[in-house]
Amino acid sequence: SLHLNPTWLESVDAKLWQDEIVLIRLNNAVAKKKGAKLLGERIATELDAHIAQVVGHTALLYRADIPPVLDLNEMIAEKSEE
């Protein structure tokens, strides 16, 4: 099992609180794409976040702030109006 550096986790946690969404490139941590999904899920669990997407060796994490910074319903409505 890969050790998650607490300092690194704290920096990702702070970024999630600031922006609600964080892109994490895991290609230096895992060799296979399946490993990126599993590691992304582990990081999300540690930080009480959700995996929004995993593409290749990259995971996108989301965690809503209180109140939310990103209004996903508004973003969807704007996109459907285009």
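An account of the accompanying structure is given in this report. Note that this is a predicted model, so its numbers are computed, not measured. (Residues numbered from 1 in each chain as written. Predicted model: local features only at pLDDT ≥ 70, side-chain atom pairs only at ≥ 80, totals over all residues. Heavy atoms only, no water.)

### Describing the pattern of salt bridges
Side chains that carry opposite charge are capable of pairing whenever their charged atoms lie near each other. Going by this rule: For this document, the term salt bridge refers to a Lys or Arg side-chain nitrogen within 4 Å of an Asp or Glu carboxyl oxygen. Every helix listed is a DSSP run of H or I at least four residues long, and every strand listed is a run of E at least two residues long, numbered separately from the N terminus. Accessibility here uses a 1.4 Å probe with only protein chains present; expressed as a share of the type maximum, an area under 20% marks a residue as buried, one over 50% as exposed, and anything in between as partly exposed.
Applying the stated criterion across every chain yields a total of three salt bridges. For Asp-13, the salt bridge is made with Arg-63, and the minimal N-O distance between the two is 2.7 Å. Separated by 50 residues along the polypeptide, Asp-13 in helix 1 (residues 6-19) and Arg-63 in the loop between strand 3 (58-62) and helix 3 (72-81) bring together distant segments of the chain. The exposure class assigned to Arg-63 is buried, which follows from its relative accessible area of 6%.

### Comments concerning the sheet that holds strand 2 (residues 50-55)
Strand pairing within a sheet occurs via backbone hydrogen bonds; the two strands may be parallel or antiparallel. To keep it simple, the criterion reads: A pair of strands is labelled paired if DSSP reports no fewer than 2 bridges between them. For helices, the fitted line uses only the C-alpha atoms of the stretch in contact; every axis is such a line through C-alpha atoms, and the angle between N-to-C directions lies from 0 to 180 degrees. In this description, contact between two residues means that some pair of their heavy atoms is separated by no more than 4.5 Å.
In space, the three strands of this open sheet follow the order 1-3-2, with antiparallel pairing throughout. With partners counted over all chains shown, the strands left at the sheet margins are strand 1 (21-25) and strand 2, one partner each. Pairs of neighbouring strands in the sheet enclose a mean axial angle of 20 degrees, with direction left out of account. For strand 2 and strand 3, the ladder comprises five bridges, and the chain directions are antiparallel. Across the sheet, the residue bridging to His-50 is Tyr-62, located in strand 3. Its contacts with the sheet place helix 1 against strand 1 and strand 3, and it is angled at close to 145 degrees to strand 1. Sheet strands touched by helix 2 (residues 33-46): strand 1, strand 2 and strand 3. Its angle to strand 2, the strand with the most contacts, is close to 160 degrees.

### A closer look at the packing of aromatic side chains
Put simply, the rule reads: Working definition: a ring pair exists when centres of Phe, Tyr or Trp rings (six-membered ring for Trp) sit within 6.5 Å. Plane angles under 30 degrees give stacked, over 60 give edge-to-face, the rest tilted. Over a ring means this: the NZ of a Lys or the CZ of an Arg is within 6 Å of the ring centre and within 35 degrees of the ring normal.
By the definition in use, this model includes zero aromatic pairs. Above the face of the Trp-17 ring, Arg-63 is positioned so that its terminal group lies 4.0 Å from the ring centre.

### Some details on the environment of Leu-61
Along the chain, Leu-61 turns up in strand 3. In this structure, the C-alpha to C-alpha distance between Leu-61 and Asn-28, residues 33 residues apart in sequence, is 18 Å. Apart from the residues lying within four places of it in its own chain, the contact partners of Leu-61 are Val-12, Leu-16, Glu-20, Ile-21, Val-22, Ile-24, Gly-40, Ile-43, Ala-44, His-50 and Ile-51.

### Let's talk about a negative patch on the surface
The condition that has to hold: Like charges within 9 Å and nonpolar side chains (Val, Leu, Ile, Met, Phe, Trp, Tyr) within 5 Å are joined into patches, using only residues over 30% in relative accessible area that form no salt bridge. All accessible areas in this document rest on Shrake-Rupley with a 1.4 Å probe, and a residue is counted as covered only by the protein chains that are shown. Positive charges come from Lys and Arg alone, negative charges from Asp and Glu alone, with His and the N- and C-terminal ends not counted. Charge positions are represented by NZ for Lys, CZ for Arg, CG for Asp and CD for Glu.
Taken together, the side chains of Asp-71, Glu-74, Glu-78 and Glu-81 define an acidic patch exposed on the protein surface. Examined against the element boundaries, Glu-81 turns out to sit in helix 3.

### Remarks on the side chain of Glu-20
In plain terms, the rule: Identification of polar contacts relies on pairs of N or O atoms within 3.5 Å, with a donor-acceptor requirement for protein atoms, meaning one able to donate a hydrogen and the other able to accept it, and with residues adjacent in sequence counted only if both atoms are side-chain atoms.
Residue placement: Glu-20 occurs in the loop between helix 1 and strand 1. Comment: no salt bridge for buried Glu-20; closest opposite-charge side chain is Arg-63, at 8.3 Å. For Glu-20, the side chain forms a polar contact with the main-chain nitrogen of Asp-65, separated by 2.7 Å. Residues in contact with Glu-20, not counting those within four places in the same chain, are Lys-15, Leu-61, Tyr-62, Arg-63, Ala-64, Asp-65, Pro-67, Pro-68, Val-69 and Leu-70.

Function-wise, these values are silent; they only describe arrangement.
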